[in-house]
Amino acid sequence: MAYVLALDQGTTSSRAILFDKQGRVAGLAQHEFAQIFPAPGWVEHDPVEILTSQLSAAVEVLGMAGATPRDVVALGIANQRETTIVWDRTTGKPVSNAIVWQDRRTAPMCSRLREEGVEETIRAKTGLLLDPYFSATKIAWILDNVDGVRARAERGDLAFGTVDSWLIWNLTNGKRHVTDRTNASRTLVYNIVEDRWDEELLRIFGIPANMMPEVVWSSEEVGRVTAQLGPVDVPIAGIAGDQQAALFGQLCTKPGDAKCTYGTGCFLLQNIGREFRLSGQRLVTTLACSTARKPEYALEGSIFIGGAVVQWLRDKMRFFSFAPDVEGIAASVEDAGGVVFVPAFTGLGAPHWDPYAAGMIIGIGRDTGIGHMARAAIESIAFQVADVLKAMDADTGIPCRELRVDGGAAANDLLMQFQADLLGIRVHRPAVLESTAQGAAYLAGLAVGFWNNVDEIAQTRGGSVFEARADRGQMEQRYGRWREAVERAKGWNRA
Ligand code: ADP
C-alpha cells in the first residue's frame, strides 16, 4: 500500500493520520499533551512534549495500519499557528516553553506599540492586527525575559520557529530550519505584500533577523526525515498552518471559495486570489497555500464560541449528556419560538470585535422550553457565521455561492440546513471531516506526484449537500432580529 502521512499538531493533541490515494483515512492516532498555565492569561506547551507526542502518534499510526515508513510516499504537517518556540542551534534545546497562541501576556507590549503609532504600518504589511495572538511579541517577550537569551540571539546562536519549524528541524536532525508562507504570515514580521521577512517590522519588535527560518512553499519537498524515532527517509513535502491547511483540504483553491470549520470556535476563510487586499470589515488577510508557487491570499474571520455553546448547554445547563443529542432536542420544536441566543461568553470576535459583549438569551416567554433554547443555541452558530460571511462578501464584492464545512459541529444536519437557509446558498459537507490533516496530506502528495493535480483529488471527494430551501423574506427578518440582539449584547461588561 502507498500512503501519505499527515501530522496534525493541534493545541491540545498531536495527531497522525494516514491517507490512501482515494483520500480516505487509513489510520489515526492521537496523543494529548499537557497544557501549562503558569499565570492568569498565560498558556505554554513543553516543546519536547509536542515533539515526542507527535513522533509517537506517527509511529503508532503506522503500526495500526501495518505499514512501514517505506509505504509512506510523503509527509505533510498542519500545525497550531502562531505558537512560538526559540531554541539553541547547537544543543537543540528550547530556551523556554513554547508560548501558545492563546497567551495574552504581551497585551501591554501591544498597547505600547499602538501608542507609538505603528499599528497601521504593521497592518499594511502583514494584513493582521496588533494583538498578542500573533508570534512577534511572544518572541520579543522571550528575548527580554529569559536570562541571557538576547545576547545569544544576537550572536546567532538561537533559532525561532512556529511549531512546523520546530518539528521539521527535529525530524531532519537540525539540517533544515524552514517554515512555510502560511505560517510565516501569522508572525507579524512577514511582509505578505512583498513576500519576505520585513526588516522594519523585525526592528519594531526588536527581533534579530538571523533567528528567522527560511521560508518555503506549502507544497514542496524540503528534506527527508532522518530522526531515528520517526518515519525514516520519508520526504517532508507539505506544510501549512491548520486553518490554511483546512482551506486547501476543502479544495478552496479559486478566488471566492470559502470554508468554515465548526469546532469549539468557528474559523471562516475565503480564498481571494493573487491580489493582496486589506479588509474594511475587521477581518485579517493572510497567505493561503499555493501549489502554483505564487503568493495567494485569504480573508479570515474567527468566532470564539461555536460548538462550545453546545458544550455549555451540556455541561452547565445539563440539558443532555452527549453533544450530538442537541440535534434531537432542537428538532423537537418547529422553531426557536422567538428566542435569540447571543453566545458572547468571551466577548465577540470577527467582525464585531467587542471584548465587552456579554452572553445573552432574549425573547424568553412562558412557553419557552429546552427545545427552543437548544434551537436558539444551534442557530446562534449559524448567525455568527453569517455575520462573517457577509463581511467577506462586502470586502470582496463577490458574493460567496457555496460554503464548504468541516469540524465536529458540522456533523449536525439541523445546523447545516439552517446555515444554508440563512445564507441562501448551498452548504457542502465532505465525507471526510478531517480537512486540516487532509489538506496537509494533499499538499505533500501533490509535491511528490502521488496526486497529479487538484482536479484528480476532487474526483475522490463525496459528501452531502444542503440546499437553501427557506423563504428568503422570513430568513432576512430573522437575521435582522439577530443583529438587533447582538447590538443589545455589546458593551455590557464595560461597566
Ligand atoms: P475542536 O477541534 O475545536 O476541539 P471539534 O471539531 O472536535 O472541535 O468539535 C467539537 C465541538 O463541536 C464541541 O464544542 C462540541 O460541543 C461540538 N459538537 C459536537 N457534535 C455536535 C453536534 N452534533 N451538534 C452540535 N455541536 C456539536
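Residues numbered from 1 in each chain as written. Predicted model: local features only at pLDDT ≥ 70, side-chain atom pairs only at ≥ 80, totals over all residues. Heavy atoms only, no water.

1. Some remarks on the overall build of the protein
When helices and strands are tallied, the protein shows 16 helices and 23 strands. Expected size for 495 residues packed as a compact globule is a radius of gyration near 23 Å; at 22 Å, the protein falls within 12% of this value. By residue count, 58% of the 495 residues in the protein fall in the buried class. Taking the average location of the 50 positive side-chain charges in the protein and that of its 59 negative ones, the two points are 1 Å from each other. (Helix = DSSP H or I, 4+ residues; strand = E, 2+ residues; numbered from the N terminus. Rg over C-alpha atoms; globule rule 2.2 N^0.38 Å. Buried < 20%, exposed > 50% of the residue type's maximum accessible area, 1.4 Å probe, protein only. Lys, Arg positive; Asp, Glu negative; His and termini not counted. Charge placed at Lys NZ, Arg CZ, Asp CG, Glu CD.)

2. Considerations on helix H3 (residues 119-126)
Within H3, burial applies to Ile122, Arg123, Lys125 and Thr126. For H3, the elements touching its buried residues are strand S10 (190-191), helix H8 (199-205) and strand S17 (284-288). Once H3 ends, the next one or two residues include Gly127, with phi positive near 75°. (Contact = heavy atoms within 4.5 Å.)

3. Section: the pattern of salt bridges
Inspection of every chain in the model, using the stated rule, returns 34 salt bridges. Residue Arg15 pairs with Asp8 through a salt bridge whose shortest N-O separation is 3.4 Å. The pair Arg15 / Asp8 is uniform in exposure class, with both members buried. Overlapping salt bridges, with partners in common, bring together Arg81, Glu82, Arg186, Asp242 and Glu300 in one network. (Salt bridge = Lys/Arg side-chain N within 4 Å of Asp/Glu carboxyl O.)

4. Here we look at the nonpolar core
Judged by nonpolar contacts, the single largest core of 101 residues is most densely connected at Phe205, Ile207, Tyr262 and Leu403. Here this core takes 14 residues from helix H12 (residues 370-396), the largest share from any one element. Counting residues in each nonpolar core, the second largest holds 35 residues, with Leu18, Leu51, Leu75 and Ile168 among its members. (Core = buried A, V, L, I, M, F, W, Y, C linked by side-chain atoms within 4.5 Å.)

5. Some words on the side chain of Gln438
Take Gln438: it is sitting in helix H14 (residues 435-447). With relative accessibility at 2%, the residue Gln438 sits in the buried group. A distance of 3.1 Å separates a polar atom in the side chain of Gln438 from a polar atom in the side chain of Arg461. Residues within four places of Gln438 in sequence aside, it is in contact with Phe19, Gly23, Gly249, Val432 and Arg461. (Polar contact = N/O pair within 3.5 Å; in protein donor to acceptor, adjacent residues only side chain to side chain.)

6. Observations concerning the pairing of strand S5 (residues 72-79)
The buried fraction of S5 amounts to seven of the eight residues, a majority that puts the element mostly inside the structure. Of the pairings in the sheet, the one linking strand S1 (residues 3-9) to S5 comprises seven bridges and is parallel in character. Bridge pairing in S5 links Ala6 to Gly76. In this sheet, strand S14 (residues 235-241) lies alongside S5 in parallel orientation, the contact comprising five bridges. Looking across to S14, one finds that Ile77 is bridged to Ile239. (Pairing = 2+ DSSP bridges.)

7. Concerning the site of the ligand
Close contacts around the ligand come from 13 residues, with Thr264, Gly307, Gln311, Gly408 and Asn412 the closest. At 2.9 Å from an oxygen atom of the ligand is found a main-chain nitrogen or oxygen belonging to Gly307. Ala308 places a polar main-chain atom, nitrogen or oxygen, 3.4 Å from an oxygen atom of the ligand. Expressed as a share of its isolated accessible area of 580 Å², the protein-covered part of the ligand is 68%. (Near = heavy atom within 4 Å. Areas by Shrake-Rupley, 256 points an atom, 1.4 Å probe, with all protein chains shown as cover.)

8. Looking at unusual backbone geometry
For the bond running from Ala350 to Pro351, omega is -5°, close enough to zero to count as cis. Mapped onto the fold, Pro351 is located in the loop between strand S19 (340-342) and strand S20 (360-362).

9. Topic: the packing of aromatic side chains
Across all of its chains, the model carries 16 aromatic pairs by this definition. Pairing Trp312 with Phe341 gives two aromatic rings, centres 5.7 Å apart and planes at 75°, and the pair type is edge-to-face. Residue Trp312 is located in helix H10 (residues 308-315), and its partner Phe341 is located in strand S19; the two are separated by 29 residues in the primary sequence. Assessed through its relative accessible area of 24%, Trp312 is described here as partly exposed. Considering the side-chain rings of Tyr442 and Trp451, the 5.4 Å spacing of their centres and the 90° angle between planes classify their relative orientation as edge-to-face. A relative accessible area of 2% means that Trp451 is categorised as buried. Positioned above the aromatic ring of Phe450 is the side chain of Lys21, whose terminal nitrogen or guanidinium carbon lies 5.7 Å from the ring centre. Stacked on the ring of Trp217, the Lys or Arg Arg181 has its end atom at 3.5 Å from the ring centre. (Phe/Tyr/Trp six-rings, centres within 6.5 Å; stacked < 30°, edge-to-face > 60°. Lys NZ or Arg CZ within 6 Å of the ring centre and 35° of its normal.)

10. Points about the state of the cysteines
Chemically, a disulfide is nothing more than a covalent bond linking the sulfur atoms of two cysteines. By the definition in use, this model includes zero disulfides. Free cysteine Cys252: the closest other cysteine sulfur is in Cys400, separated by 8.4 Å. (Disulfide = S-S within 2.5 Å.)

11. A short note on the sheet that holds strand S18 (residues 296-303)
Judged by pairing direction, the sheet is mixed, and its seven strands sit side by side in the order S17-S18-S16-S15-S21-S22-S23 without closing on themselves. Each edge of the open sheet is held by one strand with a lone partner, namely S17 and strand S23 (464-466). With strand direction ignored, the average angle separating the axes of adjacent strands in the sheet is 30°. Examined bridge by bridge, S17 and S18 share five bridges and lie antiparallel to one another. Within S18, the residue paired with Val284 across the bridge is Glu300. Set on the sheet, H12 makes contact with strand S15 (258-262), strand S16 (266-273), S18 and strand S21 (402-406); between it and S16 the angle comes to about 20°. Lying on the sheet, helix H13 (residues 413-423) is in contact with S15, S21, strand S22 (426-429) and S23; it crosses S22 at an angle near 150°. (Axes fitted to C-alpha atoms, helices over the stretch in contact; angles between N-to-C directions.)

12. A short note on the sheet that holds S14
If you trace the six strands from one edge of the open sheet to the other, you get S3-S2-S1-S5-S14-S13, paired in mixed fashion. Of all strands in the sheet, those with a lone pairing partner are strand S3 (25-32) and strand S13 (219-224), marking the two edges. Direction aside, neighbouring strands of the sheet carry axes that sit 25° apart on average. Both strand S2 (residues 13-19) and S3 contribute to a ladder of seven bridges, which runs antiparallel. Looking across to S3, one finds that Ala16 is bridged to Ala29. Of the strands in this sheet, S1, S5, S13 and S14 touch helix H6 (residues 163-171), which is tilted by about 145° from S5.

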